[in-house]
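# Residue-level structure breakdown
Chain residues, written in single-letter form:
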Amino acid sequence: MCERRMLPIVGQPQPERADAARNRQKIIEVAARMVADGSVDQLSLDGVAREACVGVGTVYRRFGDRAGLVLALIDDRERRFQAAFLNGPPPVGPGAPPAERIRAFLHALIDRVVEQLDLFLLLELGPPATRLSGPYKVHHTHLTGLLAQVRPEGAGFLADALLAPINAHLLRHQRDERGMSVEEIKAGFDALTQAIRA
C-alpha cells in the first residue's frame, strides 16, 4: 500500500521537511554555543555552517544574513517576553493602570536587552530595516497603545523616543563606561516617563 502525500493548501505555509527542521535546529544550537563561548564577534554564517557540518547555502537560505540568524537566536526569549506583556499578570500584563504598565514594560525591556546583550549588539549592527522590524515593531505598537491612554497626542513618536535609548550599545556604555547599575538606568526611565505624563 502506498503512503498518501498531503497536498499543499493554497495560502498556507509549506510544512517543513524533517531534515530541514533538524538542520535548522542544529544551526541554531551551534550558533547559540558559539555565542555562549564568547565567540559572538566572530559569528558568521560561514563559520556556523562549518561548525554545524551543513552546507553554507543551507544557512543562507534559512536565515538570509547574520541579522536573520540573530533574530532566530533571540526568538524563544522574545516570545516569552511578548507573552508576558500581552497576556501575563500585571503590572507588565493587562490589569494595571496604563502608567504602571508603561513603567513595568520599560523596566522589563531593559532587563530583556541586558539578558542577551551580545546578541542585541549584533542585531544593532545589521541593516536599519532589520533593527526596526520584528521585536521593535511589536514593542513600539504595544507602547504606543499604552501611551495613547495616558497622553494621546503624539503617542507613536513618544514610543520611539522612549525605545530609542533602550539599545544595547547605549546600555553597555552606561553600564560599563559610566558605571551605572541597571537599577539606576531604570530610575532614569522613571523620571523620563513622569516628565512625559506631566
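Residues numbered from 1 in each chain as written. Predicted model: local features only at pLDDT ≥ 70, side-chain atom pairs only at ≥ 80, totals over all residues. Heavy atoms only, no water.

This part is about the pattern of salt bridges. Here the idea is simple: oppositely charged side chains can pair when their charged atoms come close. Under the defined criterion, the tally for this structure stands at 10 salt bridges. Here the salt bridges share partners, and the residues they tie into one network are R77, E78, R112 and E115. (Salt bridge = Lys/Arg side-chain N within 4 Å of Asp/Glu carboxyl O.)

Helix length check: helix α11 (residues 182-197) (16 residues) gives 23 Å between terminal C-alpha atoms against 22 Å at 1.5 Å per residue, within 8%. Among all positions of α11, only I185, K186, F189, D190, T193 and I196 are buried. Around the axis of α11, the buried residues are gathered within 150 degrees of arc, so they sit on the same side. Across from the buried face of α11, at angles greater than 90 degrees, the exposed residues are E183 and A195. In the core, the buried residues of α11 are packed alongside α5 (98-115), α9 (155-163) and α10 (168-177). (Helix = DSSP H or I, 4+ residues; strand = E, 2+ residues; numbered from the N terminus. Expected span 1.5 Å × (residues − 1). Buried < 20%, exposed > 50% of the residue type's maximum accessible area, 1.4 Å probe, protein only. Arc of directions from axis to C-beta. Contact = heavy atoms within 4.5 Å.)

Moving on, we come to the packing of aromatic side chains. Given two aromatic rings, their pairing is described by the distance between the two centres and the angle made by the two planes. Using the criterion set out here, one finds 3 aromatic pairs in the structure. Where F81 meets F105, the ring centres are 5.9 Å apart and the plane angle is 20 degrees; that geometry is what we call stacked. Here F81, found in helix α4 (residues 66-87), pairs with F105, found in helix α5; they are 24 residues apart in sequence, far enough to count as distant. No difference in accessibility class separates F81 from F105, as the two residues are buried. Between F85 and F105, the aromatic rings sit 5.1 Å apart at their centres with planes inclined by 85 degrees, giving edge-to-face as the arrangement. Residue F85 is found in helix α4, and its partner F105 is found in helix α5; the two are separated by 20 residues along the sequence. In terms of burial, F85 and F105 fall into one category: buried. The structure contains a cluster of three or more aromatic residues connected by ring pairs, namely F81, F85 and F105. (Phe/Tyr/Trp six-rings, centres within 6.5 Å; stacked < 30°, edge-to-face > 60°.)

Here T193 lies in helix α11. Among the residues examined, T193 registers a relative accessible area of 6% and is labelled buried.

Let us look at the side chain of H142. Along the chain, H142 turns up in helix α8 (residues 135-150). Residue classification places H142 among the buried positions, given a relative accessible area of 12%.

This part is about the confidence of the model for the protein. Summing up the model confidence of the protein, the mean pLDDT is 88 and the portion of residues at 70 or higher is 91%. Least confident of the elements in the protein is helix α7 (residues 128-131), whose mean pLDDT is 80; most confident is α5, at 97. Every residue in residues 1-8 scores below 50 in pLDDT, and together they form 1 contact with partners more than four places removed in sequence or on other chains. (pLDDT = per-residue confidence, 0-100.)

To continue, consider the packing of helix α1 (residues 18-36) against helix α2 (residues 45-52). Contact geometry for α1 and α2: axes closest at 9 Å, N-to-C directions at 110 degrees. Relative to α2, the element α1 lies roughly perpendicular. In this structure, α1 meets α2 at a crossing whose hand is right-handed. Contacts between α1 and α2 pair K26, I27, V30, A31 and M34 from the former with V48, E51 and A52 from the latter. By residue class, the composition of the contact of α1 with α2 is 6 nonpolar, no polar and 2 charged. (Axes fitted to C-alpha atoms, helices over the stretch in contact; angles between N-to-C directions. Parallel < 35°, antiparallel > 145°, perpendicular 65-115°, else oblique. Left-handed = near helix turned anticlockwise from the far one by under 90°. Nonpolar A, V, L, I, M, F, W, Y, C, P; charged D, E, K, R; others polar.)

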